[in-house]
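Descriptive analysis of the structure
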Amino acid sequence: MRILVSGAGVGGVTLAHWLRRDGHDVTVVERAPGRRGGGQAVDVRGAALAVASEMGVLDRIKELRTTMRGMSMVDTAGNEIMRNEEATISGGSFDSPDVEIMRDDLTAVLTEVSDATYLYGDSIATLTEDGHVTFESGRQESYDRIVGADGLHSVVRRLTFGDEDQFIHHLGTYVSIFTAPNFVGIDHWQTWFNEGDAGGAVFSDRDRSVMRVNLGFRSDPIAYDHRDVDQQKRLVEERCKAVYEGPRLLEAMWRADDFFFDSMAQVRMENWTKGRVALVGDAGYCASPLSGQGTSLAVVGAYVLAQELGRDPEAAYGRYEERMRPFVTANQALAFENPGQPASPESIERAANAISLD
């Protein structure tokens, strides 16, 4: 089959790998001009580790895992108020089988093994029920299947199912992520901070000259353009200027070229497929970073969809939804187990394995 995948993130490139392995003609279209850099640390857990192993990339992912020594909490003046050298908020316990890795490192590893055609700097403008696609560049093609793996603000979902307001459920927090010079001098360490409704973290890993910065704030829903980076930076500046190292972090934010901002939100839909279209990962069932399972959901969802397309193309979409629904439900629930805090390790382990890959 001729298949178009929208989005070259974790879910999109994982799906491309499995579809190509089954002999399909696969094109991945990505709005960014190249593979996206930056991003936060993400976790590969449970069933997703089994998928990575079957792809032959698990050892490489483990080589690139974060090597944090621990974490601390500081007050606005930088005074340490808590320290933990056995676990971190983002990655959990150090003795866990889970693998924490920077998102851009994971995407790079997965892209290297996905033998697909990549169209960078383009996106889908229109699509029809019979699989005819017009790209923003003006190019026109027809496909047997179209898969939206294009994130929380999925173009494929909007064109197929309607406006995103029907499906995106705000969880009360906004978050930004960007890279900055490591002017606080952390070394394989996470430093977390909070001031009123604002807070965040800085963390460093292999390259100690830079750090990843996470700044966020609690708020009711805010109207903003998810493509207007300057507008988003102004929102972060307004809400986060009083946090630890606020002035220097905000100065670095304005210089960052890998800035990301969005709401903590979940996508909830009755169906992830319609006609020739299917949704994978955040586009169909974003669990939010509060669950710690967004990456694993994307990896497993891509695997299951490709597996079902290989078994029976006519029944594939129904089987995909049937198999993934309990897994998605279990992992989305993690965001609500301990509001504002990570879910328990036992709950995470159960949810991460709540699916059969056979």
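Everything below is about the structure printed above this text.
Given the structure is predicted, the values throughout are model-derived calculations rather than measurements.

The subject of this paragraph is the packing of aromatic side chains. This structure, assessed with the given rule, holds 11 aromatic pairs. Taken together, the ring pairs connect Y174, F217, Y224 and F261 into an aromatic cluster. Note that R145 overlies the ring of Y317, its terminal NZ or CZ placed 5.3 Å from the centroid. The residue whose ring lies beneath R325 is W272, and the NZ or CZ to ring-centre distance is 3.9 Å.

One open sheet accounts for seven strands, arranged β5-β4-β15-β16-β17-β14-β18; its pairing is mixed. Looking at strand neighbours, the two that pair on one side only are β5 (80-84) and β18 (260-267), the edges of this open sheet. Averaged over all pairs of adjacent strands, the angle between their axes in this sheet comes to 20°, without regard to strand direction. Looking at chain direction, strand β15 (residues 189-195) and strand β16 (residues 198-203) are connected through six bridges and run antiparallel. Bridged to Q190 within β16 is F203. On top of the sheet, helix α7 (residues 246-255) reaches β14 (168-181), β15, β16 and β17 (210-218); it is set at about 90° to β14, its chief contact.

Strand order in the open sheet made by the six strands is β9-β2-β1-β13-β20-β19, with mixed pairing throughout. Looking at strand neighbours, the two that pair on one side only are β9 (117-120) and β19 (273-274), the edges of this open sheet. Across four bridges, strand β2 (residues 25-30) lies against β9 in parallel orientation. Directly across from E30, in β9, lies its bridge partner Y120.

The rules we used
- Residues numbered from 1 in each chain as written.
- Predicted model: local features only at pLDDT ≥ 70, side-chain atom pairs only at ≥ 80, totals over all residues.
- Heavy atoms only, no water.
- Phe/Tyr/Trp six-rings, centres within 6.5 Å; stacked < 30°, edge-to-face > 60°.
- Lys NZ or Arg CZ within 6 Å of the ring centre and 35° of its normal.
- Pairing = 2+ DSSP bridges.
- Helix = DSSP H or I, 4+ residues; strand = E, 2+ residues; numbered from the N terminus.
- Axes fitted to C-alpha atoms, helices over the stretch in contact; angles between N-to-C directions.
- Contact = heavy atoms within 4.5 Å.

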